[in-house]
Amino acid sequence: MRKRVMRLACVLALFFALLCGVIFLPTDDRRQAAGPLKSELQVGVVLYTGDDAFLNEMMAAVRKEIDDLNTGDWDITLVERNAGNSQSEENEIVSDMINEGCDILLVNLVDRNAPARVIETARENNVPIVFFNRELVRNDMGLWNRLYYVGGNAAESGELQGELAAALCESNPGVDRNKDGKIQYAVLQGEPNHQDAIIRTDMAVSTMADRGIVLDKLSYRIANWSRSQAKTQTLQLISAYGSSVELILANNDEMALGAIDAYRQMNYTETDMPKIFGIDGTSVGLSAVADGSLDGTVYNDKEAQGKALVNIAITVARGGDLSAMHLTNGKYYYADYYAVTAENVSDYLKQ
Ligand code: BGC
Ligand code: CA
C-alpha cells in the first residue's frame with residue numbers, strides 16, 4: 001500500500017514538474033514546444049494529362065518548392081489531379097477542387113482556347129488561378145483580374161534551337177550528306193494549337209535561314225509531343241525519304257527521342273542518321289545529349305517555372321504584392337531557355 005502511494009506521488013510530482021516547465025518557458029520557447037504557427041494554404045493543381053514527360057518533371061519541381069516552404073512557416077497542402085486530355089473533365093475537376101476548399105488553383109488547360117468555364121467557376125467563388133504551360137489568349141486573360149500565367153518564352157526556345165542547328169551545319173560540312181549545298185530537313189511538331197509548337201517551328205527555321213543556311217523542307221509532321229507518335233511519323237519519313245533526311249528539328253525532346261527510336265529500329269548507323277535537335281532538357285533528353293545520340297536541346301527551365309508558380313500562388317493567396325516578380329503586364333511570367341550541347345550538358349544533369 002505504502003509503495004503504491006509513493007509511486008503515485010512520484011508520478012504526480014513528475015507531471016507537475018513538466019507542467020511548470022511548459023508554463024514558465026519564455027513565450028518563444030513555449031510556441032516552439034506547441035509547434036510554430038504556420039500559414040495554411042490548400043493549392044489545387046490540374047494537368048492536361050498524366051502522361052506528359054516534361055510536365056511530370058515540372059511537377060516534381062513544384063513539390064520541391066512546396067516542401068521547402070513547409071519546412072519554414074507555411075503549411076501548404078497540394079491537391080494534384082489530371083484531366084485525362086478532356087477539357088470537360090478539367091472543368092469538373094476545377095469545380096471539385098474549389099468545393100473541397102482549395103484557396104488557389106494552378107491550371108494547365110487541356111484546350112488553351114476554351115478556358116471560359118474554368119474562369120467563370122473560379123470567379124464566382126473568388127478563387128484565383130495561375131495558368132501554366134498552355135497559354136490562353138490575351139482576351140481570355142482579361143476576363144478577370146485574378147488570373148496569372150507562367151510559361152516559357154516560346155520564341156526564344158525556337159531561336160536557340162535554330163542557332164544550335166545552324167552552328168552545327170556551319171562547323172560540320174558533313175551534315176549536308178549529299179553535298180547539294182542545302183540541308184534537307186523535317187520537323188516533328190507538337191499539338192497543332194499549342195503556342196510552343198507553332199512558335200518554336202517558325203523561329204527555329206527562320207533563325208537558320210537568317211544565318212545563311214539554305215534549307216530544303218521535306219516534311220512537317222505532327223506528333224503531339226509524344227515519343228511513340230514521333231517514332232511512327234519518323235518511320236514513315238524514313239520509308240519516304242530514306243537516308244536523304246539530313247536534319248530533324250523536334251519541338252520537344254520526347255519527339256526527338258522518338259525519331260532516334262525509329263532510326264535505331266531501322267538499323268541506321270550514326271553516319272546515315274540525320275542530326276537531331278530537341279527542346280526541354282528532360283532527364284532522358286539530357287542523357288541523350290550526354291551520350292551523343294541527340295545533337296542538342298534547349299533547356300525549358302522547369303525549376304524557374306515551378307518557383308514562379310508557387311511564389312505567385314502564396315503571394316496572391318496572402319493578398320500580397322507581386323511587384324518584386326516583375327511580371328509582364330502584372331500577370332505573365334516567362335522563363336528564359338538555355339542552349340544545351342555535349343559541352344555544357346553536365347551543368348544541367350547536376351540540377
Ligand atoms: C513542352 C512539351 C510538353 C508541352 C505540354 C511544352 O512546353 O516543351 O514537352 O509536352 O509543353 O503542354
Ligand atoms: Ca543536302
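Everything discussed here concerns the structure shown above.
Please read all numbers here as calculations on a predicted model, not as lab measurements.

Conventions we followed
- Residues numbered from 1 in each chain as written.
- Chains lettered and ligands numbered in written order.
- Predicted model: local features only at pLDDT ≥ 70, side-chain atom pairs only at ≥ 80, totals over all residues.
- Heavy atoms only, no water.
- Pairing = 2+ DSSP bridges.
- Helix = DSSP H or I, 4+ residues; strand = E, 2+ residues; numbered from the N terminus.
- Axes fitted to C-alpha atoms, helices over the stretch in contact; angles between N-to-C directions.
- Polar contact = N/O pair within 3.5 Å; in protein donor to acceptor, adjacent residues only side chain to side chain.
- Contact = heavy atoms within 4.5 Å.
- Near = heavy atom within 4 Å.
- Areas by Shrake-Rupley, 256 points an atom, 1.4 Å probe, with all protein chains shown as cover.
- Nonpolar A, V, L, I, M, F, W, Y, C, P; charged D, E, K, R; others polar.
- Donors = N, O, S within 2.8 Å, 3.2 Å for Na, K, Ca; no water.
- Buried < 20%, exposed > 50% of the residue type's maximum accessible area, 1.4 Å probe, protein only.
- Phe/Tyr/Trp six-rings, centres within 6.5 Å; stacked < 30°, edge-to-face > 60°.
- Lys NZ or Arg CZ within 6 Å of the ring centre and 35° of its normal.
- Salt bridge = Lys/Arg side-chain N within 4 Å of Asp/Glu carboxyl O.
- Expected span 1.5 Å × (residues − 1).
- Arc of directions from axis to C-beta.

Spatial strand order, E2-E1-E3-E4-E5-E11: six strands in an open sheet with parallel pairing. The open sheet has two edge strands, strand E2 (74-82) and strand E11 (332-335), and neither has a second partner. Across the sheet, the mean angle separating the axes of adjacent strands is 20° when strand polarity is ignored. In this sheet, strand E4 (residues 129-132) lies alongside strand E3 (residues 104-107) in parallel orientation, the contact comprising three bridges. Paired with Val107 across the strands is Phe131, a residue of E4.

The next point concerns the side chain of Asn251. Topologically, Asn251 is positioned in the loop between strand E8 (247-250) and helix H10 (253-265). A polar atom in the side chain of Asn251 sits 3.0 Å from the backbone nitrogen of Gly190. Excluding residues that lie within four positions of it along the chain, Asn251 makes contacts with Val187, Leu188, Gln189, Gly190, Ala197, Arg200, Thr201, Trp225 and Ile279.

Let us now look at the site of ligand 1. Surrounding ligand 1, one finds Tyr48, Asp52, Phe54, Asn133, Arg134, His194, Asp196, Arg200, Trp225, Asn252, Asp280 and Asn300. For ligand 1, an oxygen atom lies 2.5 Å from a polar atom in the side chain of Asp52. With the chains in place, 99% of the 310 Å² that ligand 1 exposes on its own is no longer accessible. The residue inventory of the shell around ligand 1, partitioned by class, reads three nonpolar, four polar and five charged.

Moving on, we come to the coordination of the calcium ion (ligand 2). The coordination sphere of the calcium ion (ligand 2) contains the protein donors Asp176 (OD), Asn178 (OD1), Asp180 (OD), Lys182 (O), Gln184 (OE1), Glu246 (OE) and Glu246 (OE), at a distance range of 2.2 to 2.5 Å. Mapping the donors of the calcium ion (ligand 2) onto the primary sequence gives the spacing D-x1-N-x1-D-x1-K-x1-Q-x61-E. Given the relative accessible area of 5%, Gln184 is considered buried.

Bringing the packing of aromatic side chains into the picture now. Under the criterion given, the structure shown has six aromatic pairs. Relative to Tyr334, the ring of Tyr149 has its centre 6.1 Å away and its plane inclined at 55°; by these criteria the two rings are tilted. Of this pair, Tyr149 sits in strand E5 (residues 147-152) while Tyr334 sits in strand E11, placing them 185 residues apart in sequence. Take Tyr334: its relative accessible area is 26%, and that puts it in the partly exposed class. Among the aromatic side chains, those forming a connected cluster through ring pairs are Tyr149, Tyr332 and Tyr334. Above the ring of Tyr48, the side-chain terminus of Arg134 is found at 3.7 Å from the ring centroid. The ring of Tyr332 has Arg138 lying over it, and the distance from NZ or CZ to the ring centre is 4.1 Å.

The final tally for this structure, using the stated rule, is 12 salt bridges. The shortest N-O distance in the salt bridge between Arg211 and Glu170 comes to 2.6 Å. Placement of Arg211 in the loop between helix H8 (195-210) and strand E7 (215-222) and of Glu170 in helix H7 (residues 154-171) is noted, with a sequence separation of 41 residues between them. In the salt-bridge network here, residues are joined through shared partners; they are Glu57, Lys302 and Glu303.

Bringing the sheet that holds strand E6 (residues 183-189) into the picture now. Spatially, E7-E6-E8-E9 is the arrangement adopted by the four strands of the open sheet, whose pairing is parallel. A strand with exactly one partner marks an edge of an open sheet, and here the two such strands are E7 and strand E9 (275-277). This sheet shows a mean twist of 15° between the axes of neighbouring strands, independent of strand direction. Where E6 meets E7, seven bridges bridge the pair, whose relative direction is parallel. By the bridge assignment for E7, Ile183 is matched with Leu215. Along the sheet, H7 makes contact with E6, E8 and E9, crossing E9 at roughly 160°.

So, about helix H3 (residues 53-71). Here H3 is 19 residues long and its end C-alpha atoms lie 28 Å apart, about the 27 Å a rise of 1.5 Å per residue gives. Those residues of H3 lying buried are Phe54, Leu55, Met58, Met59, Ala61, Val62, Glu65 and Ile66. Here the buried residues of H3 occupy an arc of 160° about the axis, which is enough to place them on one side. Exposed and facing more than 90 degrees away from the buried side of H3 are Lys64 and Thr71. The inward-facing, buried residues of H3 contact strand E1 (39-47), E2, E4, strand E10 (297-300) and helix H12 (302-317).

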